[in-house]
Each structure stands twice: as C-alpha cells, then as structure tokens.
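For reference, the chains in residue letters:
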Amino acid sequence: MKPTVLVLLTACLFGLVTSLALPAYLKPCKKGKFEEFNDCVLKTINNALPTLVKGDRKYRLPVLDPLLIKRVSVSEDNKRSVALNVTLEDAKLKGLKNSKVVKSEIDLDKKHIQFSVTLPKLVVDSKYSISGKFLILPITGTGPAHIVLDNVKATYTCDFKLIKIKGEDFIKITKWDLKYDTTKLQIDLKNLFNGDEALGKNMNKALNENWSELNSALGPSIAKAFGAAVTQILDELTRVVSYKEAIIQ
C-alpha cells in the first residue's frame with residue numbers, strides 16, 4: 001500500500017514529510033470517503049504519537065517532548081489594566097506525548113488542512129523577564145518561570161501552495177494559525193521584585209487567582225511561537241520532498 005495524503009497531515013502535525021518509505025509506526029490510509037479517511041487518519045496518528053514525539057533522526061523528526069522554543073515575547077499597551085512586557089527564553093514545552101488528535105479536515109482542492117488536538121496538561125519551563133502592570137499592580141522581575149495549562153484544546157490550520165523546483169511540485173506553507181483554550185493556567189515566577197519574597201508571593205497569588213486575564217495576555221504569543229515552530233519544521237523539510245511523494249493522485 002502506498003503513502004497517501006496522510007503524510008501531509010502528519011507534516012502539519014509534526015513537521016514530517018519524507019521520500020523514504022513510511023516507518024512501521026505510521027500506517028498509510030487510503031484516500032476515499034471523507035469520514036472513512038479521517039477515521040483512519042485519527043487512528044493512525046494517535047497510535048503513532050508515543051513514537052513520534054521521541055523524534056526520529058532518519059526522518060528528520062526532532063524530539064517533540066520537550067519541544068524547545070527559543071523565545072516568546074509579549075508587549076502590550078500600557079493604558080490597559082493588564083499591560084505586560086514579557087519575554088520567555090529557552091522555553092521547554094512538556095506534555096505533547098499525552099496529546100490526542102480529535103478532529104482532522106483535509107481539502108486538497110482548496111489546499112487547506114485543519115486539525116484539533118487535546119492534551120490534559122501542558123507544562124512550560126523557561127527563563128523570564130517581566131515588567132508592566134497586572135490589574136493595575138506594578139510587576140517586575142527576572143528568573144525561572146514555571147507555567148502549567150490544564151485541559152488544553154488547540155486548533156492548527158494551514159494553507160499551502162505548490163511550487164515548481166526542477167520540474168517537480170513541492171509543498172510550501174503560505175498561511176497558518178494556531179489557537180488554544182485551557183480550563184486553567186497556573187504560574188510561578190521566581191525572583192519577582194529583585195527577590196522580595198513577600199511581594200513575589202502576593203504577585204504570584206494575584207496572577208493565579210486571575211489566571212484568565214493572564215492567559216489572555218500570554219496566550220496569543222505562546223500560540224504564535226508554538227505554531228511558528230511547527231510551521232518552520234514543515235517548511236524546512238518540504239523543500240526537498242516533492243508533492244507526489246506525499247500525495248497519491
């Protein structure tokens with residue numbers, strides 16, 4: 001059985017498109033009725049997840065748990081009640097090994113893919129710097145950050161086009177987006193206010209008691225950084241893998 005459009009979905013999920021034969025842990029699906037095809041995709045990807053997140057050098061698949069993100073930045077208008085300038089550096093995202101694909105939609109004619117993923121817990125550990133105000137309270141500090149998001153539901157969408165290279169078609173992502181929801185965000189920022197323990201404890205308490213406002217401030221930048229990492233991996237790999245290797249017409 002030859003690889004089908006499943007390979008393209010895997011690319012959007014994990015940055016994997018390859019001219020090699022599919023590994024044993026990725027079973028191909030036949031292109032057919034939409035519902036039947038997507039049922040196969042969901043089963044195949046979910047069965048392969050525990051192996052995929054470990055990385056596979058042969059297929060140029062990096063380790064995805066933890067997923068390393070070099071930098072996340074947030075800058076907000078200081079006229080708002082929550083106006084934070086935040087930088088997270090060398091962030092490690094943990095928990096993807098427990099994720100599950102719950103929905104996929106592939107439209108090859110429109111060159112559009114969308115999938116939804118859930119995971120019970122996403123943990124982010126990084127170095128941080130912060131300044132600004134949170135609910136009119138001033139905040140400042142640098143040090144280690146520990147962030148936990150519970151019951152994450154993420155939706156990633158991507159559009160692609162085909163470009164010609166030496167007479168062959170190659171996939172090129174043209175637009176992407178990632179959004180997520182969570183039922184709770186918990187955060188622990190060490191060394192707030194130059195190490196003042198009393199002020200730091202009170203600020204961490206305020207951040208956690210008003211986690212929804214904090215998530216509204218941090219969430220878009222976290223989603224953008226995560227989506228950019230996935231898209232970058234995909235773009236790098238699809239430069240050398242032709243469309244016909246990923247899609248059986």
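Cut-off values and rules
- Residues numbered from 1 in each chain as written.
- Predicted model: local features only at pLDDT ≥ 70, side-chain atom pairs only at ≥ 80, totals over all residues.
- Heavy atoms only, no water.
- Helix = DSSP H or I, 4+ residues; strand = E, 2+ residues; numbered from the N terminus.
- Buried < 20%, exposed > 50% of the residue type's maximum accessible area, 1.4 Å probe, protein only.
- Contact = heavy atoms within 4.5 Å.
- Pairing = 2+ DSSP bridges.
- Salt bridge = Lys/Arg side-chain N within 4 Å of Asp/Glu carboxyl O.
- Expected span 1.5 Å × (residues − 1).
- Arc of directions from axis to C-beta.
- Polar contact = N/O pair within 3.5 Å; in protein donor to acceptor, adjacent residues only side chain to side chain.

Per an unreviewed UniProt entry, the protein chain goes by the name Hemolymph juvenile hormone binding protein and belongs to Rhodnius prolixus.

**Student:** Just checking my understanding: could you explain the overall build of the protein chain for this structure?
**Tutor:** What the protein chain contains, in helices and strands, is 5 helices and 7 strands. If you list the helices and strands of the protein chain from N to C, you get α-α-β-β-β-β-β-β-β-α-α-α. For the protein chain, buried positions account for 48% of its 249 residues. Look at the contacts in the protein chain between residues 6 or more apart in sequence, and 69% of them connect residues 24 or more apart.

**Student:** Just checking my understanding: could you explain unusual backbone geometry for this structure?
**Tutor:** For residues besides glycine, phi is generally negative; the peptide bonds are generally trans as well. With omega at 10°, the peptide bond leading from Asp 65 into Pro 66 counts as cis. Relative to the elements of secondary structure, Pro 66 occurs in the loop between helix H2 (34-52) and strand S1 (67-75). Of note, the phi angle at Ile 136 is positive, near 70°, even though the residue is not glycine. Topologically, Ile 136 is positioned in the loop between strand S4 (112-134) and strand S5 (137-165). Given the relative accessible area of 66%, Ile 136 is considered exposed.

**Student:** I would appreciate a short explanation of the pairing of strand S7 (residues 184-189) in the present structure.
**Tutor:** The side chains of a regular strand alternate between the sheet's two faces. Residues Leu 185, Ile 187 and Leu 189 of S7 are buried on one face, while the alternating residues Lys 184, Gln 186 and Asp 188, pointing to the opposite face, are not. The sheet contact formed by S5 and S7 spans 6 bridges and is antiparallel. Looking across to S7, one finds that Asp 150 is bridged to Lys 184.

**Student:** What should I look at first to understand the pattern of salt bridges in this one?
**Tutor:** For side chains of opposite charge, pairing can occur when their charged atoms come near one another. All chains considered together, the criterion is met by 10 salt bridges. Among the ionic pairs, Lys 103 bridges to Glu 105, the shortest N-O distance being 3.4 Å. The class of Lys 103 is partly exposed, set by a relative accessible area of 40%. We classify Glu 105 as partly exposed; its relative accessible area is 32%. Here Asp 188 makes a salt bridge to Lys 190, at a shortest N to O gap of 3.1 Å. Overall, the relative accessible area of 28% leaves Asp 188 in the partly exposed class. What you see here is one network of salt bridges that share partners, running through Lys 70, Asp 90 and Lys 127.

**Student:** Is there a simple way to explain helix H3 (residues 197-209) in this structure?
**Tutor:** In an α-helix, one turn spans 3.6 residues; hence positions three or four apart end up facing the same way. An ideal rise of 1.5 Å per residue puts 18 Å on 13 residues; H3 measures up with 18 Å between its terminal C-alpha atoms. Those residues of H3 lying buried are Gly 200, Met 203, Asn 204, Ala 206 and Leu 207. One face of H3 carries all of its buried residues, which in axial projection span an arc of 160°. Those residues of H3 that are exposed and angled more than 90 degrees off the buried face are Glu 197, Ala 198, Lys 201, Asn 202 and Glu 209. You can read the cap of H3 off the contacts: a side-chain oxygen lies 3.2 Å from the backbone nitrogen of Ala 198, and it is on Asp 196.

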